[in-house]
Amino acid sequence: MGLLDGKVVFITGGARGQGRAHAVASAREGADVALLDRAQDIDTVGYPLGTADDLEQTASLVEEFGRRAMRFAGDVRSQSDLDSAVAATIAEFGKIDALIANAGIWATGPFWELSDEQWSDMIEVCLTGVWRSAKAVAPHMIERQSGSIVMTSSVDGLEPGGIYAHYTAAKHGVIGLMKSVALELAPHGPRCNSVNPGAVDTPMLDNQPGYDLISGHPGGTRDDLVEGGHRFNVLRGTALLDPMEIANTTVYLNSDLAAKVTGTTVLVDAGHMLLTGYNHSPVR
Ligand SMILES: NC(=O)c1ccc[n+]([C@@H]2O[C@H](COP(=O)([O-])OP(=O)(O)OC[C@H]3O[C@@H](n4cnc5c(N)ncnc54)[C@H](O)[C@@H]3O)[C@@H](O)[C@H]2O)c1
């Protein structure tokens, strides 16, 4: 018996990283999975995004569990991409029990240097895309009087991030959106929560801009990133989080074990948010 036996889970940003882990964990627990990913780069993002091959590989991993997988090349900035993927999933699988609104991008820059395009890409993907995803499944969930939405925020939804004000603003926005969605859906039955990861070992961080940010200088390395992970966390022996550690929490939120859990943020951060604001390298 799996925790999600017979359920259908729709995942945005499902090609790789945490989206892939959500897909694998959902399938492991008995769910069929629909995956939507842009599978193309975005100019204002300094690292490659997921690819069509990544999307196909995630679908294969789901199928290895004997579960069904649908894959959609689509952008969470497009309501029609989302609406048509949701409609096709319901037509094929009969329903959607859970949405994991996970697609996201990350980029850095002092707020006063961000271009209009950098700002709007970030907000459109990381905040508006989450609203669009929830909007796409809401009528179906309301009609069925059940469902679970998990929105991916971040510890950056609860504290300032270094030099990425647009990302921080979007991730704070996701928490407000999640609470409003939870409140509006509650009388109809569906639930909504956010998962707030700390630093996770995915291609979003495992790249040169990530190394440079963590090391504090150009030319940073993967070792710098891992060391930064240790310093970001409190829990013994934790450098970067494994994406499956986020996915296992999402499985719980989408399962009947969490039947009365709605409107809450769930931190998966190895204790990062317990840290006091000690400045290890003050600028005098
Ligand atoms: N990696 C971290 O440390 C970390 C920490 C906290 C929160 N998060 C959040 O977790 C989520 C997943 O990120 P990840 O770490 O797996 O990164 P990732 O870059 O490995 O995966 C993100 C996926 O989203 C897809 N995507 C990006 N823009 C899209 C769009 N407009 N439409 C559809 N798909 C799109 C990408 O192609 C990629 O496959 C994001 O919302 C991110 O902000 C990440």
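The text that follows walks through the structure, step by step, so that each part is easy to find. (Residues numbered from 1 in each chain as written. Predicted model: local features only at pLDDT ≥ 70, side-chain atom pairs only at ≥ 80, totals over all residues.)

With that settled, consider the site of the ligand. Surrounding the ligand, one finds 30 residues, the nearest of these being Gly13, Gly17, Gly50, Gly104 and Met204. For the shell around the ligand, the elements supplying multiple residues, two or more each, are helix H1 (17–28) and helix H4 (116–144). Here the shell around the ligand takes 3 residues from H1, the largest share from any one element. By residue class, the composition of the shell around the ligand is 13 nonpolar, 12 polar and 5 charged. (Near = placed C-beta within 6 Å. Helix = DSSP H or I, 4+ residues; strand = E, 2+ residues; numbered from the N terminus. Nonpolar A, V, L, I, M, F, W, Y, C, P; charged D, E, K, R; others polar.)

Moving on: the packing of H4 against helix H5 (residues 165–185). Contact geometry of H4 with H5 gives a least axis separation of 9 Å together with a crossing angle of 15°. Viewed along their axes, H4 and H5 adopt a mutual orientation that is roughly parallel. Between H4 and H5 lies a crossing of right-handed hand. Each of Gln118, Trp119, Met122, Ile123, Cys126, Leu127, Val130, Trp131, Ala134 and Ala138 in H4 lies in contact with H5, whose residues at this interface are His166, Tyr167, Ala170, Lys171, Gly173, Val174, Leu177, Val181 and Leu185. In terms of residue class, the contact of H4 with H5 is built from 15 nonpolar, 3 polar and 1 charged. (Axes fitted to C-alpha atoms, helices over the stretch in contact; angles between N-to-C directions. Parallel < 35°, antiparallel > 145°, perpendicular 65-115°, else oblique. Left-handed = near helix turned anticlockwise from the far one by under 90°. Contact = placed C-beta atoms within 7 Å.)

Counting 76 residues, the largest nonpolar core has Val9, Val33, Ala34, Leu35, Leu99, Val137 and Met151 as its most contacted members. Considering each element in turn, this core owes the most residues, 10 residues, to H4. Residues in contact with Val137, not counting those within four places in the same chain, are Phe10, Val86, Ile96, Leu99 and Gly147. (Core = buried A, V, L, I, M, F, W, Y, C linked by C-beta atoms within 7 Å. Buried ≥ 20, exposed ≤ 12 C-beta atoms within 10 Å, placed from the backbone.)

Here we take up H5. For H5, built from 21 residues, the straight-helix expectation of 30 Å at 1.5 Å per residue is met to within 8% by its first-to-last C-alpha distance of 30 Å. Taken together, the buried positions of H5 are His166, Tyr167, Thr168, Ala170, Lys171, Val174, Leu177, Met178, Val181, Ala182 and Leu185. Buried residues in H5 make contact with H4, strand S5 (148–152) and strand S6 (191–197). (Expected span 1.5 Å × (residues − 1).)

As a further point, take unusual backbone geometry. The residue Gln145 is not glycine, and still its phi comes out positive at about 55°. You can see Gln145 is positioned in the loop between H4 and S5. If you check the backbone angles, Ala270 has positive phi at about 50° while not being a glycine. One can find Ala270 in the segment after strand S7 (265–268). A residue is classified by how many C-beta atoms lie within 10 Å of it, and Ala270, with 23 of them, is buried.

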